[in-house]
Amino acid sequence: MSSQLLFRMGVGSSRSGLGVGISTLLSRSYGSIASSTSRRIVLKMSSNNLRRESLLTTAAAVNSALNNHYNKSRFYCSNSSSSNSDGGGGDDSAGDASSSSGGSSAGDNSDDPGDSSGRPPPPPLFAPGPGQMALTVNAVPENFPIVPTIVIGKNPVFPKFVRLIELEDPQLIRLIMRRVHLGLPYAGVFLKRSSDDPNYPQAADSLDDIYQVGTFVQITELQDLGDKLRLLLLGHRRIQIVKQTKSAESPSSSDFDEASKQQDSSGPSGRVLLVETVNCYHNEFTQNAEIKALTAEIVKTIRDLISLNPMYRETVLAMLATGQKVVDDPIYLCDLGAALCSASEPAEYQAILEEPDIRQRLMLSLAMLKKELEMSRLQHKIGKEVEEKEDKDAIGEKFRARLANLTVPAHVTEVINEELNKLSFLDNHSSEFNVTRNYLDWLTSLPWGVFSEENLDLARAREILEQDHYGMQDVKSRILEFIAVSQLKGSTQGKILCFHGPPGVGKTSIARSIAKALNRKYFRFSVGGMSDVSEIKGHRRTYVGAMPGKLIQCLKKTKTENPLILIDEIDKLGRGWQGDPSSALLELLDPEQNVNFLDHYLDVTVDLSKVLYVAEEKVSIAQKYLIPEVLEASGLRPEQVSVTDAALTALISRYCRESGVRNLKKHIEKLLRKVAYKLVDSKTADSSTAADCTSIDETSLADFVGKPVFSRDRLYDSTPSGVVMGLAWTAMGGAALFVETSLKTPPSLTTTAKKSENNNTVSPTPASGSLELTGHLGDVMKESVRIAHTYSQSFLARLDPDNAALRSGGIHIHVPEGATPKDGPSAGITMATGLLSLALDTPVCQETAMTGELSLTGKIMPVGGIKEKVIAAKRAGVSTVVLPEDNRKDYADLPEFLRDGVKAHFVSHYSEAFPLLFPDWAGKMPK
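Please read all numbers here as calculations on a predicted model, not as lab measurements.

Criteria and thresholds
- Residues numbered from 1 in each chain as written.
- Predicted model: local features only at pLDDT ≥ 70, side-chain atom pairs only at ≥ 80, totals over all residues.
- Heavy atoms only, no water.
- Axes fitted to C-alpha atoms, helices over the stretch in contact; angles between N-to-C directions.
- Helix = DSSP H or I, 4+ residues; strand = E, 2+ residues; numbered from the N terminus.
- Parallel < 35°, antiparallel > 145°, perpendicular 65-115°, else oblique.
- Left-handed = near helix turned anticlockwise from the far one by under 90°.
- Contact = heavy atoms within 4.5 Å.
- Nonpolar A, V, L, I, M, F, W, Y, C, P; charged D, E, K, R; others polar.
- Core = buried A, V, L, I, M, F, W, Y, C linked by side-chain atoms within 4.5 Å.
- Buried < 20%, exposed > 50% of the residue type's maximum accessible area, 1.4 Å probe, protein only.
- Polar contact = N/O pair within 3.5 Å; in protein donor to acceptor, adjacent residues only side chain to side chain.
- Phe/Tyr/Trp six-rings, centres within 6.5 Å; stacked < 30°, edge-to-face > 60°.
- Lys NZ or Arg CZ within 6 Å of the ring centre and 35° of its normal.
- Salt bridge = Lys/Arg side-chain N within 4 Å of Asp/Glu carboxyl O.
- Pairing = 2+ DSSP bridges.
- Lys, Arg positive; Asp, Glu negative; His and termini not counted.

A. Structural view of the packing of helix 13 (residues 473–489) against helix 14 (residues 507–518). Running from N to C, helix 13 and helix 14 cross one another at 30°; their axes reach a closest spacing of 12 Å. In terms of orientation, helix 13 lies roughly parallel with respect to helix 14. Our pair here, helix 13 against helix 14, has a crossing hand that is right-handed. Contact with helix 13, carried on its side by Val475, Ile479, Phe482 and Ile483, involves Ile510, Ile514 and Leu518 of helix 14 and no other residues of that element. Here the residues of the contact of helix 13 with helix 14 are counted per class, giving seven nonpolar, no polar and no charged.

B. Molecular detail of the nonpolar core. Counting residues in each nonpolar core, the largest one holds 43 residues, and the members touching the most others are Ile416, Ile565, Ile567, Leu588, Leu602, Leu608 and Tyr613. Elements that contribute at least two residues to this core include exactly helix 9 (358–402), helix 10 (410–425), helix 11 (431–445), strand 9 (522–526), helix 16 (550–558), strand 10 (564–568) and helix 17 (581–589). Not counting residues up to four positions away in its chain, the partners in contact with Leu608 are Leu551, Leu555, Leu588, Asn594, Val595, Phe597 and Tyr613.

C. How the structure looks around the side chain of Thr851. Here Thr851 is to be found in the loop between strand 22 (848–850) and strand 23 (853–854). A distance of 3.1 Å separates the side chain of Thr851 from the side chain of Lys869, its partner in a polar contact. Other than its neighbours up to four places away in sequence, Thr851 contacts Leu727, Ser826, Ile829, Val863, Lys869, Val882, Leu883 and Pro884.

D. View of unusual backbone geometry. In this structure, Lys154 is a non-glycine residue whose phi angle is positive, near 75°. Among the structural elements, Lys154 can be located in the loop between strand 2 (146–152) and strand 3 (162–167). Judged by relative accessible area, which is 38%, Lys154 ranks as partly exposed. If you check the backbone angles, Lys559 has positive phi at about 60° while not being a glycine. Residue classification places Lys559 among the exposed residues on the basis of a relative accessible area of 55%.

E. Here's a closer look at the packing of aromatic side chains. Counted under the stated rule, the structure contains 14 aromatic pairs. Geometrically, the ring pair formed by Tyr791 and Tyr910 is edge-to-face, given 5.9 Å between the ring centres and 80° between the ring planes. Pair noted here: Tyr791 is in helix 22 (residues 779–799) and Tyr910 is in helix 28 (residues 910–917), with a separation of 119 residues, a long-range link. The exposure class assigned to Tyr791 is buried, which follows from its relative accessible area of 3%. The exposure class assigned to Tyr910 is buried, which follows from its relative accessible area of 0%. Considering the side-chain rings of Phe914 and Phe918, the 5.0 Å spacing of their centres and the 35° angle between planes classify their relative orientation as tilted. Each member of the pair Phe914 and Phe918 is classed as buried. Put simply, the rings of Tyr791, Phe795, Tyr910, Phe914 and Phe918 pair up and form one aromatic cluster. Above the face of the Tyr439 ring, Arg541 is positioned so that its terminal group lies 3.8 Å from the ring centre. Geometry around Trp921 places Lys924 over its ring, the cationic atom sitting 4.6 Å from the centre.

F. Here's a closer look at the pattern of salt bridges. Enumeration according to the criterion identifies 26 salt bridges in this entry. For Arg238, the salt bridge goes to Asp335, with nearest N and O atoms at 2.7 Å. Residue Arg238 is found in strand 6 (residues 229–245), and its partner Asp335 is found in helix 7 (residues 330–340); the two are separated by 97 residues along the sequence. When sorted by exposure, Arg238 lands in the same class as Asp335, which is buried.

G. Inspection of the environment of Ile787 at higher detail. Along the chain, Ile787 turns up in helix 22. For the pair Ile787 and Ser855, spaced 68 residues apart in sequence, the C-alpha separation works out to 6.9 Å. Beyond its immediate chain neighbours, meaning those up to four positions away, Ile787 contacts Leu854, Ser855 and Leu856.

H. The arrangement of the environment of Ile627 in detail. Among the secondary structure elements, Ile627 is positioned in helix 18 (residues 618–634). Separated by 45 residues in the primary sequence, Ile627 and Leu672 place their C-alpha atoms 8.8 Å from one another.

I. Representation of the sheet that holds strand 20 (residues 770–774) within the structure. With respect to topology, seven strands assemble into an open sheet ordered 20-21-17-16-22-25-26, the strand pairing being mixed. The open sheet terminates on both sides in strands that have one partner only, identified here as strand 20 and strand 26 (903–907). The mean angle between the axes of side-by-side strands here comes to 30°, regardless of whether they run parallel or antiparallel. Where strand 16 (residues 723–728) and strand 17 (residues 735–745) come together, six bridges link them in antiparallel fashion. Within strand 17, the position partnered with Leu727 by the bridge is Ala736. Set on the sheet, helix 24 (residues 828–840) makes contact with strand 16, strand 17, strand 21 (810–814), strand 22 and strand 25 (880–884); between it and strand 17 the angle comes to about 40°. Contacts from helix 28 reach strand 22, strand 25 and strand 26 within the one sheet, and its direction differs from that of strand 26 by about 145°.

J. Spatial organisation of the side chain of Asp532. Inspection of the secondary structure assignment puts Asp532 in the loop between strand 9 and helix 15 (534–537). The side chain of Asp532 is buried and forms no salt bridge, while Arg540, the nearest opposite charge, is found at 10 Å. From its side chain, Asp532 meets the backbone nitrogen of Ser534 in a polar contact 3.0 Å long.

K. Focus on the pairing of strand 5 (residues 213–224). Of all 12 residues making up strand 5, 12 are buried, and the element is well covered by its neighbours. Of the strand pairs in this sheet, strand 4 (residues 186–191) and strand 5 are connected by four bridges, and their pairing is antiparallel. Across the sheet, residue Ala187 finds its bridge partner in strand 5, namely Val217. In terms of strand pairing, strand 5 meets strand 6 through 11 bridges, oriented antiparallel. In the sheet register, Gln223 faces strand 6, and the bridge partner there is Arg230. Hairpin connection, strand 5 to strand 6: the antiparallel pair is bridged by four residues, and Gly226 has positive phi, about 95°.

Put into structure tokens, the structure is as follows:
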């Protein structure tokens, strides 16, 4: 016989007050129960002959017999395979309990030789045969004062609701088991005041530990799990504790022997196992408009909860399984609202349980439901955000995975991180999300730091050219010369090849052969008829369907940063209201500018200097395209005029330094117009002899196009005291910027009216001096002058305390070429050096130029345009440059031919630059 006990009592759900067990008894016929001893009771029942009164009498007789013989036997019950336990036609599943109001389930019996709690298994009362069932029927009494006390945490059991609990307290388990055997499956469930202790349900140590108002419950199912007891409780009504009761005060306690009493004693003095209770009743109320409005609002809130979380739907359907109209019963509706809540505190549940006023109880329940609704909305929002975050995390991981093996510049990495962070806060369905996602897709698709390994093998290139093309020896020779020079330099960077000729002569195919010979990716795009500058520089991201320009698309397609790009039909560029594509193309092709090419869509600089363009170069354009075109437009023949290469080079360097060829074309037109006028004026226009050919070389260039625009790059061949050469960035590739300083008035001492505190003597103090600035300086440059003036005063005070030139003298600072606006912070070190040179009356080392922003404490901060400034230094013949320490990398990135002949010194503080600029004063510097 199994030691696991399973009792199933009737649930009062019918109008007659009988339990489901009685209804089952009425609906089924049971066979005879054989009686083997005088202490066993044999019942044979027929559902066709029994009436309600006889059933109650029979049930009472069974309970009385069981009570009288409990000390010698224990009650075991099991259902036959063909029986139905709850009268509703449902199945009983092992260990499963229904959560609906009035529901029940059954547990399976398992054969076990003994009980884990140490209790020996008693002899069985009877063993049901096929079609037989042992049943104890109890009608729930209206008053039941003495009940066992079950203490639970978190939330109470409300009337008409069920709760599945497990007891671990041995004393409470014995008490519950004894009362169930006596046919008294009732208890009082009370909420613990402090829920910190997780060891509940259990008995209370004191009445002060629990709330005084609880719920009278019926134990509808019981399953002995050895050291635990599983109970399915059904709440019936509210009760209030009157006092604590000893175990001996329990009804039918006289039926037990002394050993049983000692075994079931309460143990430690004061533990609350049994209490005396009274029923709690609510105040009278009427279904007025306010009550109806409150119930309607509660129902609406429950519907909102169900719409947010489908789990509430299942819970409500289970609670409403009895078919009762919730709206018609405000009392049940209050408990229903509280039972649905899970985010409230135990005291809030208890307040609803204790409140006698129905209106106030409805208000409390509505407040809890509103709180639960807000919590559900927050959970729904968090869940949605987590789902979106998972999608966004996957997108972010995809983009980061693309960059894993790439060498992304720091400024691009910063932009990507900002956009990824922005993406994480955007809604997945917003338009900005898609814009940001597409932008990141382009940024991460570019081949940052990926290059094709260039092949400069001259023999291989010759073989490929001969294999792909027949004839064209001049073109092949030019290409081989280009590869040979690149081999000596080690790079083809900065070179542009131009092919011109009628259609179909092989311009496009020769470009593809060059790419094959150099082992570069090949990309071609035609600019014929292009009238939108966005095709080259990209669209702004604010426009619908925005995309990067052709060059960025090329990098994405070729997956290298050094492809060969053929710009076809360059002489057929259009021009429209969207801008001038030729100007944008010139910026792209200029080696001085394409290092930091800025696409409108990407909005980050991209280095296109490593791209080999098969397009236009100035000297080549002038020789092969511009001069023949202008000759024809001027009515001249090629044999009538000769322009040397030296003249073209001088024309570009002294007159046309800007990017592009428009100004160069204008000067060539001017030059050839002069030649045409000269020929016509001398009446030799028809002459075709060599003697009549006008030759233009470097010396005669000024006679045709005037004085050079850029006549000299140095204002001083030798700088005097107070004059210093700086370096500035310009659109023409940088320029030497001289700073001149002079004393307007000598330093002097003046007398002030300030008297000493100890006597009436007057002490002389130095005058404040003045500072005048000229040269069309901007606001930033003026601030740099003031900072340099302040720092040079403090530096001079430590170097030569007796020198008051900067403290009290009137100083005038001028930057030549006053008609040209000048601005920027990079002349700070130059200004300070000029002031110190003036004060010390010592010229700076000759052939030395400098650039750098100066802080008030003497730090030399980095500046931009290092490449242009070094070019300006080389033009000016400077052999030494002083640069900020943080610009060392920029200088190292310059091509070798730019660094040749220029010695660079890098400083982080002016005290490091001073010995380089004034070697005679180096030993006198303060420590």
